[in-house]
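Okay, here's what each chain looks like letter by letter:
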Amino acid sequence: MIKKLPGLSRPITLTIILLAGSLSELPAQQVYSIEDCIEMALKSNKDIEASRHMQLRYEYERDAVRSNYFPSLELTATDIFSTFDGSFSYDLVSPAAQAIAVSLRERLPLFIGPTTQQRISTGLAKRFAHMNPNIDYKIGNVIVANLNMTQPIYMGGKISAGYRMGSYGAQMAELSQELTKEETIVAVHEAYLLLVKAKDLLAVAQQYDSLLVQLMSDVKSAVSHGMTKINDQLKVQVKKNEAELRVIQAENGIRLARMNLCQVIGLPLNSEFEVSDLSDSETVIVIGGENVARQRTESRLLELKTSIAQQQVKLVRSGMLPQVGVTANASLIDGIEIMGDKLLDRKPVFTVGVSVKVPLFHAGENKKKVRAAKEELAQSRLEQESLNEKMTLELQKLTNEVDESQLELDMRIRSLEQCDENLRMSRKSYSVGYEPISDLLEAQLLWQQAYAELAEAKYQKNLKTVKWLKAAGQLSY
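Residues numbered from 1 in each chain as written. Predicted model: local features only at pLDDT ≥ 70, side-chain atom pairs only at ≥ 80, totals over all residues. Heavy atoms only, no water.

What is the right way to read the pattern of salt bridges from this model?
Charged atoms that come close allow side chains of opposite charge to pair. Under the counting rule described, the total for this entry stands at 24 salt bridges. For the salt bridge of K240 with D209, the shortest nitrogen-to-oxygen distance reads 3.1 Å. Placement of K240 in helix α7 (residues 230-265) and of D209 in helix α6 (residues 158-224) is noted, with a sequence separation of 31 residues between them. The burial state of K240 is the same as that of D209; both residues are buried. The shortest N-O distance in the salt bridge between E401 and K464 comes to 3.4 Å. Here E401 is found in helix α10 (residues 365-431), whereas its partner K464 is found in helix α11 (residues 437-471), with 63 residues between them in sequence. The class for E401 is buried, based on a relative accessible area of 18%. Through salt bridges with shared partners, a single network forms among K199, R258, E272 and E274. (Salt bridge = Lys/Arg side-chain N within 4 Å of Asp/Glu carboxyl O. Helix = DSSP H or I, 4+ residues; strand = E, 2+ residues; numbered from the N terminus. Buried < 20%, exposed > 50% of the residue type's maximum accessible area, 1.4 Å probe, protein only.)

What follows is the structure, given as structure tokens:
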């Protein structure tokens, strides 16, 4: 069932005009439309800016996870300089002398015994000791460079799950920003409509006061000519006092409503400005609409939350699966001199390896983590179903309220027209003496009450329409 209802404003032709002349006498002020107020509120809202930064954070985190699909290169280089140096002598002669002594004994066993062999060995070692080499060494400048590459081949779905979680998180941050915008727009409409209603109440209060001023003038003239009693003048004066109080109350109401709107749109509370009437529009109200409720930002947020819970299960489960990676390494070392020549002379060394990590036993830790993630997923699904039902009920409730507020608005329009006609007839009857002044005062009061009730009905109708648009996911900005 579809009904076309007037949206945020509807022109109403009435016989009573809102004191346009009195407003034209005011000094020129800045006039803001509802669109202007919404724009200022969205720019000054810090929650929206915070949501935007959160969205960027999730996008950067998602991109950081995506980088794990590609190889990682690490270069390590170290340059060490040391003044440590020295030398040492290497004994080459003693083993040779001993070998010569052993050979002579084998050849001349009758002449060379063990004692003689030892003497020959010692003598030869002393005789040719000057031939032992002296080895010099120096550390100097040592350079060590290492280039390592690591490429994940299979990580049990950990990388893909983390990337999807980051993407869903960025989308949730964007939807959170939209939700904040929607709430801000509703708050602006409520404050704006409240100020419009306050202006209407001031206009009717001033018009009611003007009616009593005119009536007071007529009654005074009648009393001076002896056509009526002084009691009638006192009755009018009492109503005039009440009307002046209503004008003051209405002015205070405008002042407070304007301050409230300033707070919502981010202006100083003492700012002076006027608001324009809302433009004509029509809103299509769909009664029922379970599918409409699923278009709401809150519903999409819960869908993403459920999707993140699904990826969390995969992420935790990856801890139970094997992980495979490939590593490659290139190393180079240069430095350390021995006898004027470099011991390590910049010869690169290349190595390639495959690593496999297989979880074997963790006392059931990973299984319990997977079960906990599955429980969180089930909880998210139930919360999503519950919220969808509540949003459908809320949408139906607001649909009924919009329908009822439209009927009430139509009724208040007819009531005002009837009160206007009643006031016209009462004036005519009083002027010819067919009606006491108390009846005329009652007719004027009824007209004033009818106009105030019409202003309230317009406020409620427009506000409920905006809330319905938000509940139906159709609030545009």
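Teacher, can you tell me more about the environment of E417 here?
Note that E417 resides in helix α10. Sequence-wise, E417 and Y451 are 34 residues apart; in three dimensions their C-alpha atoms are separated by 9.5 Å.

Even after reading the chapter, I still don't get the nonpolar core, so can you show me in this structure?
Grouped together as the largest cluster of nonpolar side chains are 34 residues, with contacts concentrated most on V188 and L261. Those elements giving two or more residues to this core turn out to be α2 (34-44), α6, α7, α10 and α11. The leading source of residues in this core is α6, at 10 residues. If near-sequence neighbours (up to four positions away) are discounted, V188 is found in contact with I34, C37, I38, A41, L261, V264 and I265. Grouped together as the second largest cluster of nonpolar side chains are 25 residues, V204, L215, L409 and A457 included. (Core = buried A, V, L, I, M, F, W, Y, C linked by side-chain atoms within 4.5 Å. Contact = heavy atoms within 4.5 Å.)

Before we go on, may I ask you to explain the packing of aromatic side chains in this structure?
Here a ring pair, both rings aromatic, is described through the centre-centre distance and the interplanar angle of the planes. By the definition in use, this model includes two aromatic pairs. Between Y32 and F273, the ring centres sit 5.1 Å apart and the planes meet at 55°, which makes this aromatic pair tilted. You can see Y32 sitting in strand β2 (residues 31-32) and its partner F273 sitting in the loop between α7 and β5 (274-275), a full 241 residues away along the chain. With relative accessibility at 16%, the residue Y32 sits in the buried group. (Phe/Tyr/Trp six-rings, centres within 6.5 Å; stacked < 30°, edge-to-face > 60°.)

Could you clarify how one ought to interpret a nonpolar patch on the surface in this entry?
A surface patch of nonpolar side chains, amounting to about 610 Å² of accessible area, comprises V354, V356, V358, L360 and F361. Mapped onto the elements, V356 comes out in strand β9 (residues 349-357). (Patch = residues over 30% accessible without salt bridge, like charges linked within 9 Å, V, L, I, M, F, W, Y side chains within 5 Å. Areas by Shrake-Rupley, 256 points an atom, 1.4 Å probe, with all protein chains shown as cover.)

Explanation requested: helix α3 (residues 46-66) in the structure shown.
For an α-helix the count is 3.6 residues per turn, leaving residues at separations of three or four pointing the same way. For α3, spanning 21 residues, the distance from its first C-alpha to its last is 31 Å, which sits close to the expected 30 Å at 1.5 Å a residue. Among all positions in α3, only I48, S51 and Q55 are buried. Each buried residue of α3 sits inside an arc of 55° when the element is viewed along its axis, so together they form one side. Projecting away from the buried face of α3 at angles above 90 degrees are the exposed residues K46 and Y60. Taken together, the buried residues of α3 touch α2 and α6. By the N-cap criterion, in which a side-chain oxygen at the helix start approaches the backbone nitrogen of a residue two or three places on, α3 is capped by N45, the distance to D47 being 2.9 Å. (Expected span 1.5 Å × (residues − 1). Arc of directions from axis to C-beta. Polar contact = N/O pair within 3.5 Å; in protein donor to acceptor, adjacent residues only side chain to side chain.)

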